[in-house]
Amino acid sequence: EKAIQQLEQIARSENSALDPQVAAVFQRNLQVIDQAIGESRAALQTQPSSADVQETLFDAMRSKVALLQQTVELIKEMRKGNSAEAGRLIQGLNQ
């Protein structure tokens, strides 16, 4: 949780470095993942011993970490002026 919060803080504070369309995709993806996390947590309240529900929550958390890491990496590459790597990372965000 703490690592996610730190990555989220970095990504949000540096969000202005992103193209507005890329930032919108990032926000949309983050909202979808956050919704999945919320739904998984709610399901875990009613089914605390369900391995499937636990795995779904872990998958959503891993997806969030990956998205945040990609976004931080994209910002870093854009600041370095590495447009080829930034383009590759943008394609990854769009998937």
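A brief structural summary. Since we're looking at a predicted model, the values are computed, not measured. (Residues numbered from 1 in each chain as written. Predicted model: local features only at pLDDT ≥ 70, side-chain atom pairs only at ≥ 80, totals over all residues. Heavy atoms only, no water.)

1. Section: the overall build of the protein
Filter applied, for reference: Here a strand is any run of E in DSSP of at least two residues, a helix any run of H or I of at least four, and the numbering for each starts at the N terminus. Throughout, exposure labels follow a simple rule: accessible area from a 1.4 Å probe, protein chains only, divided by the maximum for the residue type, with under 20% read as buried, over 50% as exposed, and the rest as partly exposed. We call two residues in contact whenever any of their non-hydrogen atoms come within 4.5 Å of each other. Surface accessibility in these figures is a Shrake-Rupley result with a 1.4 Å probe; residues are shielded only by whichever protein chains are displayed. Neither His nor the chain termini are counted; the positive set is Lys and Arg, and the negative set is Asp and Glu. By convention, the charge on Lys lies at NZ, on Arg at CZ, on Asp at CG and on Glu at CD.
On a plain count of helices and strands, the protein comes out with four helices and zero strands. Dimensions of the protein, computed from C-alpha atoms along their principal axes, come out at roughly 50 × 25 × 20 Å. Each of the 95 residues in the protein was classed as buried or not, and the buried ones make up 31%. Summarising the internal contacts of the protein: among those between residues at least 6 apart in sequence, 61% fall at separations of at least 24. As displayed, the protein has an accessible area near 6100 Å², and 51% of this comes from carbon and sulfur atoms. Averaging the positions of the 10 positive and the 12 negative side-chain charges in the protein gives two centres separated by 5 Å.

2. Examining helix H2 (residues 20-46)
Rules: To estimate how far a helix should extend, the number of its residues minus one is multiplied by 1.5 Å. What qualifies as a polar contact is a pair of N or O atoms within 3.5 Å, subject to a donor-acceptor requirement within protein and to the restriction that residues adjacent in sequence count only when both atoms come from side chains.
Counted at 1.5 Å a residue, the expected span for H2 with its 27 residues is 39 Å, and the 39 Å between its end C-alpha atoms agrees. Within the span of H2, buried status applies to Val22, Ala23, Val25, Phe26, Leu30, Ile33, Ile37 and Ser40. Here H2 starts with a cap whose side-chain oxygen sits 2.9 Å from the backbone nitrogen of glutamine 21, and that cap is aspartate 19.

3. Notes on the nonpolar core
Our working definition: Among buried residues, the Ala, Val, Leu, Ile, Met, Phe, Trp, Tyr and Cys ones that are joined through side-chain atoms within 4.5 Å form a nonpolar core.
Grouped together as the largest cluster of nonpolar side chains are 12 residues: Ile4, Leu7, Ala11, Phe26, Leu30, Ile33, Ile37, Leu57, Ala60, Met61, Leu67 and Leu68. Looking at this core, the elements with two or more residues in it are helix H1 (2-13), H2 and helix H3 (51-80). The element best represented in this core is H3, accounting for five residues. Discounting chain neighbours no more than four positions away, the residues touching leucine 68 are Ile4, Leu7, Glu8, Ala11, Phe26 and Leu30. By size, the runner-up hydrophobic cluster in this structure holds seven residues, among which are Ala23, Leu74, Ile75 and Leu89.

4. Quick notes on the packing of H1 against H2
Under the convention used in this document: A fitted line through C-alpha atoms represents every axis, and for helices the fit uses only the stretch in contact; the resulting angles, taken between N-to-C directions, go from 0 to 180 degrees. Note on angle classes: values under 35 degrees are labelled roughly parallel, values over 145 roughly antiparallel, values of 65 to 115 roughly perpendicular, and the remainder oblique. Helix crossings fall into two classes, left-handed where the near helix is turned counterclockwise from the far one by less than a right angle and right-handed where it is turned clockwise. In the scheme used here, Gly and all other residues not listed as nonpolar or charged are polar, with Ala, Val, Leu, Ile, Met, Phe, Trp, Tyr, Cys and Pro taken as nonpolar and Asp, Glu, Lys and Arg as charged.
The interhelical angle for the contact between H1 and H2, taken along N-to-C directions, is 155°, at an axis separation of 12 Å. When the axis of H1 is compared with that of H2, the two are roughly antiparallel. As H1 packs across H2, the resulting crossing turns out to be left-handed. Counted together, Glu8, Ala11 and Arg12 of H1 and Phe26, Gln27, Leu30 and Asp34 of H2 form the full contact between these two elements. Taken together, the residues of the contact of H1 with H2 sort by class into three nonpolar, one polar and three charged.

5. Some details on the environment of asparagine 15
By secondary structure assignment, the location of asparagine 15 is in the loop between H1 and H2. For the pair asparagine 15 and leucine 89, spaced 74 residues apart in the sequence, the C-alpha separation amounts to 15 Å. Residue contacts for asparagine 15: discarding those within four places in its chain leaves Ala23, Phe26, Gln27 and Ile75.

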